[in-house]
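Chain residues, written in single-letter form:
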Amino acid sequence: MTDAYELDPEKLPQAIADLEAAYIAAQALLERSRDMALIRPGNGVDEVSDNAAVQLNRLADDPTVGSLAATGRGLTDAISETRAKFKRMLADYLELEDVNQLPDYDLSASEVPQATGYWERQAAHNGRRDGNRQTAV
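Here goes a summary of the coordinates provided. (Residues numbered from 1 in each chain as written. Predicted model: local features only at pLDDT ≥ 70, side-chain atom pairs only at ≥ 80, totals over all residues. Heavy atoms only, no water.)

Our next topic: the overall build of the chain. Check the secondary structure of the chain and you find four helices and zero strands. Buried residues in the chain amount to 15% of all 137 residues. Pairs at least 24 apart in sequence give 55% of the contacts found in the chain among residues at least 6 apart. With an accessible surface of roughly 11400 Å², the chain has 55% of that area assigned to carbon and sulfur atoms. (Helix = DSSP H or I, 4+ residues; strand = E, 2+ residues; numbered from the N terminus. Buried < 20%, exposed > 50% of the residue type's maximum accessible area, 1.4 Å probe, protein only. Contact = heavy atoms within 4.5 Å. Areas by Shrake-Rupley, 256 points an atom, 1.4 Å probe, with all protein chains shown as cover.)

Structure representation (structure tokens):
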């Protein structure tokens, strides 16, 4: 499967808004993982309890792939990159729309004589005199 997708340009503002919400959720996940990493092993009375707390801390903030922090960073980076691409796409689309629109001019329509038919031209010529002082019929 490739990373290609097709978007309706009219729906880009909604997609950007959805990405904003997803970015906030990913940031919350990243903050939660940082909070979990700060929790130190307690006063467990056995080795298993101590080891569980150590493993939980490692899972929260280990810089390797698979930790909550690495996942949160990956999500925020991907969402931020996609959001920036969508914003550029929307700007390009709106610029294209502006170029293809006729400007609004507040002008009155110019007066163009209406085309006339044969009989209308004949009626207009009736009663006129040509250069020889003869009346057209």
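Once that is clear, we can look at the environment of D18. Along the chain, the position of D18 falls in helix 1 (residues 12–38). Sequence separation between D18 and R83 is 65 residues; the distance between their C-alpha atoms is 9.4 Å. At 2.8 Å, the side chain of D18 forms a polar contact with the side chain of Q14. (Polar contact = N/O pair within 3.5 Å; in protein donor to acceptor, adjacent residues only side chain to side chain.)

Following the criterion strictly, the structure yields zero aromatic pairs and no others. Between R83 and the ring centre of Y23, over which it is positioned, the NZ or CZ distance is 4.5 Å. (Phe/Tyr/Trp six-rings, centres within 6.5 Å; stacked < 30°, edge-to-face > 60°. Lys NZ or Arg CZ within 6 Å of the ring centre and 35° of its normal.)

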